[in-house]
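Breakdown of the fold
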Amino acid sequence: MSMLHIEDLHVSYGAINAIKGISFDVDEGEIIALIGANGAGKTTVLHTITGLVPPKSGSIVFNGTDLTKTPAHKIVSMGMAHVPEGRRIFQQLSVYENLMLGAFTRKDKAEIQESVENVFKRFPRLKERRNQIAGTLSGGEQQMLAMGRALMSHPSIILMDEPSMGLSPLYVSEIFDIIRSVNESGTTVLLVEQNAKKALSIANRAYVLETGNIVLSGDAKELMNNDSVKKAYLGE
Amino acid sequence: MSFIQYLVSGLSLGAIYALIALGYTMVYGIAKMLNFAHGDIIMVGGFTAFTAISSAWCPVWLSVIISIVVCTVLGVVIEKIAYKPLRNAPPLAVLITAIGVSYFLQNAALLIFGSDSKNFPSVVKNAPPFMLVYENSGVKFFTSPVDTADKLLLTISMETFVSIVVSLVIMAALTFFINKTKAGKAMLAVSEDKGAAQLMGINVNATISLTFAIGSSLAAVAGVLMCSSYPLLNPYTGSMPGIKAFVAAVFGGIGSIPGAMIGGILLGVIEQISKAYISSQLSDAIVFMVLIIVLIFKPTGILGKKINEKV
Ligand SMILES: Nc1ncnc2c1ncn2[C@@H]1O[C@H](COP(=O)(O)OP(=O)(O)O)[C@@H](O)[C@H]1O
Ligand SMILES: [Mg+2]
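Definitions and limits used
Residues numbered from 1 in each chain as written. Chains lettered and ligands numbered in written order. Predicted model: local features only at pLDDT ≥ 70, side-chain atom pairs only at ≥ 80, totals over all residues. Heavy atoms only, no water. Pairing = 2+ DSSP bridges. Helix = DSSP H or I, 4+ residues; strand = E, 2+ residues; numbered from the N terminus. Phe/Tyr/Trp six-rings, centres within 6.5 Å; stacked < 30°, edge-to-face > 60°. Buried < 20%, exposed > 50% of the residue type's maximum accessible area, 1.4 Å probe, protein only. Donors = N, O, S within 2.8 Å, 3.2 Å for Na, K, Ca; no water. Contact = heavy atoms within 4.5 Å. Buried area = accessible area lost by both parts, 1.4 Å probe. Salt bridge = Lys/Arg side-chain N within 4 Å of Asp/Glu carboxyl O. Polar contact = N/O pair within 3.5 Å; in protein donor to acceptor, adjacent residues only side chain to side chain. Nonpolar A, V, L, I, M, F, W, Y, C, P; charged D, E, K, R; others polar.

**Considerations on the sheet that holds strand β2 (residues 16–26) of chain A**
All names here are of chain A. Sheet architecture is open: 4 strands sit in the order β2-β1-β4-β5, paired in antiparallel fashion. In this open sheet, the two edge strands, each paired with only one partner strand, are β2 and β5 (65–66). One ladder, built from 8 bridges, connects strand β1 (residues 4–13) with β2; its direction is antiparallel. Directly across from leucine 4, in β2, lies its bridge partner valine 26.

**Focus on the packing of aromatic side chains**
All names here are of chain B. In the structure shown here, the tally under the stated rule is 8 aromatic pairs over all chains. When the ring of tyrosine 6 is compared with that of tyrosine 277, the centres are 5.5 Å apart and the planes differ by 75°; the resulting orientation is edge-to-face. Residue tyrosine 6 is found in helix α1 (residues 3–31), and its partner tyrosine 277 is found in helix α10 (residues 257–277); the two are separated by 271 residues along the sequence. Tyrosine 6 gets classed as buried once you look at its relative accessible area, which sits at 19%. On the basis of relative accessible area, tyrosine 277 is assigned to the partly exposed category, the value being 48%. Each ring, one from phenylalanine 47 and one from phenylalanine 113, has its centre 4.1 Å from the other, and the planes form 15°; the classification is stacked. With phenylalanine 47 in helix α2 (residues 38–54) and phenylalanine 113 in helix α4 (residues 91–113), this pair connects stretches of sequence that are 66 residues apart. Judged by relative accessible area, which is 2%, phenylalanine 47 ranks as buried. Look at phenylalanine 113 and you get partly exposed, because its relative accessible area is 24%. Taken together, the ring pairs connect Phe3, Tyr6 and Tyr277 into an aromatic cluster.

**So, the coordination of the magnesium ion (ligand 2)**
Each pair of donors in an ideal four-coordinate tetrahedral metal site encloses 109.5 degrees, whereas pairs in an ideal six-coordinate octahedral site enclose 90 or 180 degrees. Residues and elements named next belong to chain A. Protein ligation of the magnesium ion (ligand 2) involves Thr43 (OG1) and Glu85 (OE), the donor distances falling in the range 2.0 to 2.1 Å. Linking threonine 43 in helix α1 (residues 42–49) with glutamate 85 in the loop between β6 (80–83) and α2 (95–102), this pair joins segments that are 42 residues apart in sequence. Taking relative accessible area as the criterion, glutamate 85 reaches 31% and is therefore assigned partly exposed.

**Some words on the interface of chain A and chain B**
Opposite the 28 residues of chain A that make contact, chain B presents 21 residues. Taking both sides of the interface into account, the surface hidden between chain A and chain B amounts to around 2200 Å²; carbon and sulfur atoms contribute 60%. Among the residues chain A hides against chain B, the three largest losses belong to His73, Phe90 and Phe104 of chain A. Together they make up 29% of the total. On the surface where chain A and chain B come into contact, there are 2 salt bridges. The closest approach of N and O atoms between aspartate 193 of chain B and arginine 88 of chain A, which form a salt bridge, is 2.8 Å. Between the two partners, chain A and chain B, sit 6 residue pairs in polar contact (both at pLDDT 80 or more). Broken down by secondary-structure element, the contributors of at least two residues to the side of chain A that touches chain B are α2 and α5 (139–151) of chain A. Split into classes, the residues belonging to the side of chain A that touches chain B amount to 11 nonpolar, 12 polar and 5 charged.

This is the structure in structure tokens:
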């Protein structure tokens, strides 16, 4: 059985139907890419999974639990972390305080310290800036902090919403390398991206979202060679 | 009376404003609403303590605790019943509801206690004032009246002393709580971004309740301290201090906790000094004038946070 199973999910904002009955699966260990144009509904899907937006109907089953019946603040301790669109780090707090909030639901102090060390090993720049106020970090550093903060909950799956948005090409490559290495260390990844080329290059499988519907899905390498994907998303 | 004397009485009044302003600013920070019923919690705190002290069996310290408990529960209940259902409503609807709650509390008090002012018994009734007296050998300290009126530097009543000390201790404790405990960090996180806070596993509803609980318990303490120094208690006792504390919160930068402390204390000092040296009728006008001047030069208040630009 898959780790995360989404079945016939509908989401609306008032009269606007943003998600119109989508189903998909994420298996343990995979990197799944969810690609699509601006406004396709990618962020809505992630927000609905982690409970920030209620679904109209459908089910979201994570390791056997229906998340649509779980309050948002209970989801992270089930092993699901979410790096939201626009990073949404706590700007007024220090880098270290942001990381500790990532471990909010964990109790064991020694294990939390170990996670901090691991995050600092992965992101040496955060270590140098551990006492800096997060709002004063550069965009790329803020993205690293958002990822580090998510890793602090020691998740089994991590949802990432456009981690490359607004970053310089150098940072984009670095962020994608990190996503790959997070996955190699055993964390499943559900990656939402407009940068379809980069996303498909590291994903195992991918789903293409168009105005609230999944219009294509399959092996990431095959999708990269799909003519309509090439035309619509890869600019070829 | 000396300048220092006015300064001390201003500090004492300002410390009480600061306690009230903290409730305004914390609730604003976290629920993004102006809780105009906050001032009336002071009045409820005053009446609760008054009722308890008036019953022969209840010692003063217990009366104060009862007052704190009643206000804390009241604050949480008001949030649950009146404000929580409006969490996603337009700000104007929430504001009108808060004004409605304010009238409700005043009218409930009117019904129960009548409109006559009660004479609130000071919680430090029999404690003597402190006196600082200047003599040849230097400054001396007395706790009983002395006959050296020409050399008297300063008299500090026990009410003034307790107001300052209690408020400072509470502010220090609150600062520690907010910045050093997990629940305090959760409050900061919720006030900045509710959605992101939920992703961290923070229970937003519980955090908002906690904020109302803390704000209302501070209002109860402020009510008891204020009624001890200014003993007339009636159903409208809370409204003017409530408005002044709101001004203090804006003055310091609404949403900022140290801002509310500084704003409250400054407001009390400005009020007492202008009462003493300019005009007791105009003191409130002067307070508001200072606020307007500060806001012209610094629209976010003294310690107001800038909106962070995204990089
Ligand atoms: N809070 C909201 N209220 C109303 N409509 C929204 C809201 N958030 C998103 N939408 C609409 O839902 C659709 C999907 O948006 P979103 O999930 O943000 O897309 P994407 O992340 O793919 O760019 C868009 O049409 C958008 O305008
Ligand atoms: Mg989006």
